[in-house]
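A look at the structure
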Amino acid sequence: GFREKMTMTPQAKQDELRRKTNPVFNDRKLKLGTFGTNLDRGCAISTIDGVLEINWPNTLELARCSEEMEFEALVPIGRWHGFGGVTNFNGPGFECFSWASAIGASTKYPGVFATSHVPTIHPIMAAKQATTIDHVTNGRFALNIVTGWNKPEIEMFGSPLMAHSDRYACAAEWLHIIRELWTRDEPFDFEGKFYNIKKGYVQPKPVQKPFPAVMNAGGSDLGQHFAAKHCDMVYVVFGSHDFDECKAKVDSYRNLARKEYGREIQVWSYAYVVQADTEKEAQAYFDYYVNQKGDWAAAENLVNTMIANAKTLPKEVLAEMKKHFIAGWGGYPIIGMPEQIVDGLITMSKMGLDGTLLNWPRYIQDQRWFQKHVYPLVKQAGLR
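Residues numbered from 1 in each chain as written. Predicted model: local features only at pLDDT ≥ 70, side-chain atom pairs only at ≥ 80, totals over all residues. Heavy atoms only, no water.

Overview of the overall build of the protein chain
What counts here: Counting from the N terminus, the helices are the DSSP runs of H or I reaching at least four residues and the strands are the DSSP runs of E reaching at least two. Classification of residues uses two cut-offs on accessible area relative to the type maximum, computed with a 1.4 Å probe and protein chains only: under 20% is buried, over 50% is exposed, and between them is partly exposed. Only heavy atoms enter the contact rule, under which two residues are in contact if any of them lie within 4.5 Å. His residues and chain termini do not enter the charge count, which takes Lys and Arg as positive and Asp and Glu as negative. A charged residue contributes its charge at one atom only: NZ of Lys, CZ of Arg, CG of Asp or CD of Glu.
On a plain count of helices and strands, the protein chain comes out with 15 helices and eleven strands. Of all 384 residues assigned to the protein chain, the portion counted as buried reaches 56%. Considering only contacts in the protein chain between residues 6 or more positions apart, those separated by 24 or more positions represent 76%. Charge separation in the protein chain, taken as the distance between the mean sites of 43 positive and 43 negative side-chain charges, equals 5 Å.

Below, the structure written as structure tokens:
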């Protein structure tokens with residue numbers, strides 16, 4: 001009512017404006033999305049037949065399937081080369097901004113993300129591309145910021161991987177410049193440690209006012225402060241699958257944003273779904289594509305690169321999580337028959353999450369199975 005409008009915080013007003021066009025701001029109990037549909041093999045580091053083969057018809061099919069279920073978020077992974085092993089996992093794949101523009105033009109409902117590595121793209125370029133996609137999608141664009149942890153990829157671009165603290169300082173400048181470009185009508189100058197902008201200018205402005213949604217997956221202390229201060233959505237990677245520990249992680253992120261920065265943030269995570277008619281069949285499927293057919297060499301390379309450069313999780317946890325990386329990029333495991341899959345999603349909602357991205361081993365076939373056999377129960381459970 002009128003009184004609520006009077007007492008709305010500036011941030012709540014922003015979200016209210018953006019809700020008109022971008023479903024990531026809707027009030028469904030558990031928002032859903034997909035992860036990594038722009039890359040070869042999706043999220044399964046496995047040699048089984050039927051994993052995602054990256055081509056335009058396949059990635060579009062996944063977007064359309066998600067749209068039919070009104071998923072709120074299609075989040076691509078930014079990747080510039082693969083992780084070796086027999087699969088060269090995630091080596092072939094589509095660039096995020098151009099992918100988002102095309103997927104955005106081919107869908108009507110989901111929020112469409114681009115994942116951007118700060119050091120690989122100039123803020124003026126990122127601001128202009130994001131604005132273009134926001135117009136293509138009529139206000140459904142969101143930006144997922146990655147500060148850059150994959151050393152060989154950053155070196156591909158001819159620049160050294162920055163020290164961890166510098167990565168976040170650089171990302172803060174980068175995002176500040178982008179938001180200035182999105183909101184300021186007059187050209188402006190900016191002189192910082194990392195960027196020097198003379199008469200910065202972007203027109204037209206994004207459709208979303210004041211600007212598109214921003215997501216980040218900062219896991220370190222610095223990363224959490226960056227996300228809590230600057231972002232609308234944070235993306236939590238669980239190092240343990242214990243309910244209380246997961247819930248504590250979600251709560252502490254929210255409290256950090258509230259106490260330190262006076263902000264409300266959405267907290268998201270991601271899960272891999274292994275489903276079948278019975279629990280026994282689902283467990284057998286997991287055993288087959290992970291234990292028997294997993295590309296352990298590629299998983300080893302991925303984890304070692306993360307241990308060396310990312311500060312998201314402790315080393316011991318990462319090493320223990322190798323099988324979860326093979327199963328679905330280190331996501332939260334949801335395994336079983338349809339009712340158990342729904343229970344898993346209810347559990348994630350009870351952890352305090354606003355949303356979760358999902359992935360499946362045989363992405364297309366499995367997501368269609370989910371749509372037919374599981375999604376009706378997800379709605380019945382009141383999560384949607």
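Thoughts on the nonpolar core
The criterion, for reference: Only buried residues count toward a nonpolar core. Its members are Ala, Val, Leu, Ile, Met, Phe, Trp, Tyr and Cys residues joined through side-chain atoms within 4.5 Å.
Counting residues in each nonpolar core, the largest one holds 75 residues, and the members touching the most others are Trp174, Leu345, Leu358 and Phe370. The residues contacting Trp174, other than those within four sequence positions of it, are Ser116, Val118, Ile121, His122, Pro123, Ala126, Leu143, Ile145 and Tyr195. With 44 residues, the next largest nonpolar core counts Phe35, Tyr270, Leu318 and Trp329 among its residues.

A word on the pattern of salt bridges
For clarity, the cut-off: Criterion for a salt bridge: a side-chain nitrogen of Lys or Arg within 4 Å of a carboxyl oxygen of Asp or Glu.
Tallying each qualifying case throughout the model produces 16 salt bridges. Its salt-bridge partner being Arg384, residue Glu72 comes within 3.0 Å of it at the nearest N-O pair. Here the residue Glu72 occupies a position in the loop between helix H3 (56-68) and strand E2 (73-75), and Arg384 occupies one in the segment after helix H15 (363-380), the gap between them amounting to 312 residues. Residue Glu72 shares its accessibility class with Arg384, and that shared class is buried. Linking Glu300 and Lys322 is a salt bridge whose minimum nitrogen-to-oxygen distance equals 2.9 Å. Separated by 22 residues along the polypeptide, Glu300 in helix H11 (residues 296-309) and Lys322 in helix H13 (residues 322-328) bring together distant segments of the chain. For Lys322, a relative accessible area of 17% corresponds to the buried category. What emerges from the salt-bridge pattern is a single network uniting Arg28, Glu70, Glu72 and Arg384.

Here we look at helix H8 (residues 221-230)
When H8 is considered as a whole, its buried residues turn out to be Gly223, Gln224, Phe226, Ala227, Ala228 and His230. Structurally, H8 contributes buried residues whose contacts are with strand E4 (141-146), helix H7 (164-183), strand E7 (213-216), strand E8 (233-235) and helix H9 (243-261).

Description of a nonpolar patch on the surface
Definition in use: Patch rule: a residue counts if its relative accessible area is over 30% and it has no salt bridge; like charges are joined within 9 Å, and nonpolar side chains (Val, Leu, Ile, Met, Phe, Trp, Tyr) within 5 Å. Residue burial considers only the protein chains on display, and all accessible areas are found by Shrake-Rupley using a 1.4 Å probe.
A cluster of nonpolar residues, Trp80, Met156 and Phe157, forms a patch on the protein surface that exposes about 300 Å² of accessible area. One can find Phe157 in the loop between helix H6 (151-156) and H7.

A short note on the pairing of strand E3 (residues 111-117)
Where we set the bar: The pairing criterion for strands is at least two bridges between them, as found by DSSP. Classification remark: right-handed applies to a crossover when, strands pointing away from the viewer, the course from the first strand over the helix to the second runs clockwise.
Most of E3 is tucked away, with seven of its seven residues classed as buried. As judged from the two bridges shared by E2 and E3, these two strands associate in the parallel manner. Its bridge partner lying in E3, Leu74 is registered against Val112. Taking the sense of rotation as the criterion, the β-α-β connection linking E2, helix H4 (residues 96-105) and E3 turns out right-handed. The sheet contact formed by E3 and E4 spans six bridges and is parallel.

Here we look at the side chain of Asp295
The line we're drawing: The definition of a polar contact used here is a pair of N or O atoms within 3.5 Å, where within protein one atom must be able to donate a hydrogen and the other to accept one, and adjacent residues in sequence count solely through side-chain atom pairs.
Among the structural elements, Asp295 can be located in the loop between helix H10 (279-292) and H11. Of the buried charged residues, Asp295 lacks a salt bridge, with Arg41 as the closest side chain of opposite charge at 6.7 Å. Only 3.0 Å separates the side chain of Asp295 from the backbone nitrogen of Val86, close enough to count as a polar contact. Those residues in contact with Asp295 that sit more than four places away from it in its chain are Ile45, Ser46, Gly84, Gly85, Val86, Thr87, Asn88 and Ile326.

Digging into the packing of aromatic side chains
Stated formally: Only Phe, Tyr and Trp rings are paired, with Trp represented by its six-membered ring, and only when their centres lie within 6.5 Å; those with planes under 30 degrees apart are stacked, over 60 edge-to-face, the remainder tilted.
With the rule as written, the count across this model stands at 18 aromatic pairs. With a centroid separation of 5.0 Å and 80° between ring planes, the pair formed by Trp80 and Phe157 is classed as edge-to-face. Of the two residues, Trp80 sits in the loop between E2 and H4 while Phe157 sits in the loop between H6 and H7, which places them 77 residues apart along the sequence. An aromatic cluster is present here, built from Phe71, Trp360, Tyr363, Phe370 and Tyr375 joined pairwise through their rings.

Description of the packing of H8 against H9
Counted only if it meets this: Between N-to-C directions, angles span 0 to 180 degrees; the directions come from axes that are lines fitted to C-alpha atoms, helices contributing only their stretch in contact. Each crossing is labelled by how the near helix is turned from the far one, with a counterclockwise turn of less than a right angle marking it left-handed and a clockwise turn marking it right-handed. Three classes are used: nonpolar for Ala, Val, Leu, Ile, Met, Phe, Trp, Tyr, Cys and Pro, charged for Asp, Glu, Lys and Arg, and polar for all others, with Gly counted as polar.
At a minimum axis separation of 9 Å, H8 and H9 run at an interaxial angle of 65°. Two packed elements cross with a definite hand, and for H8 against H9 that hand is right-handed. Taken together, the residues of H9 that come into contact with H8 (itself represented by Gly223, Gln224, His225, Ala227, Ala228 and Lys229) are Tyr253, Leu256, Ala257, Glu260 and Tyr261. The residue inventory of the contact of H8 with H9, partitioned by class, reads six nonpolar, three polar and two charged.

A look at the environment of Met348
With respect to the element layout, Met348 can be found in helix H14 (residues 338-350). Owing to a relative accessible area of 0%, Met348 belongs among the buried residues under this scheme. Spatially, the C-alpha atoms of Met348 and Val202 are 40 Å apart, while their sequence positions differ by 146 residues. Not counting chain neighbours up to four residues away, the residues in contact with Met348 comprise Ser269, Tyr270, Ala271, Tyr332, Ile334, Leu353 and Thr356.

Observations regarding the pairing of E7
Here is the key point about a regular strand: its side chains alternate between the two faces of the sheet. Burial of the side chains of E7 extends over both faces: Ala213 and Met215 are buried on one face and Val214 and Asn216 on the other. By the bridge criterion, four bridges tie E4 to E7 in an arrangement that is parallel. What sits directly across from Asn144, in E7, is Met215. Where E7 lies against E8, two bridges are found, and the strand directions are parallel. Across the sheet, the residue bridging to Met215 is Met233, located in E8.

Remember that the coordinates give geometry; whether it matters functionally is a separate question.
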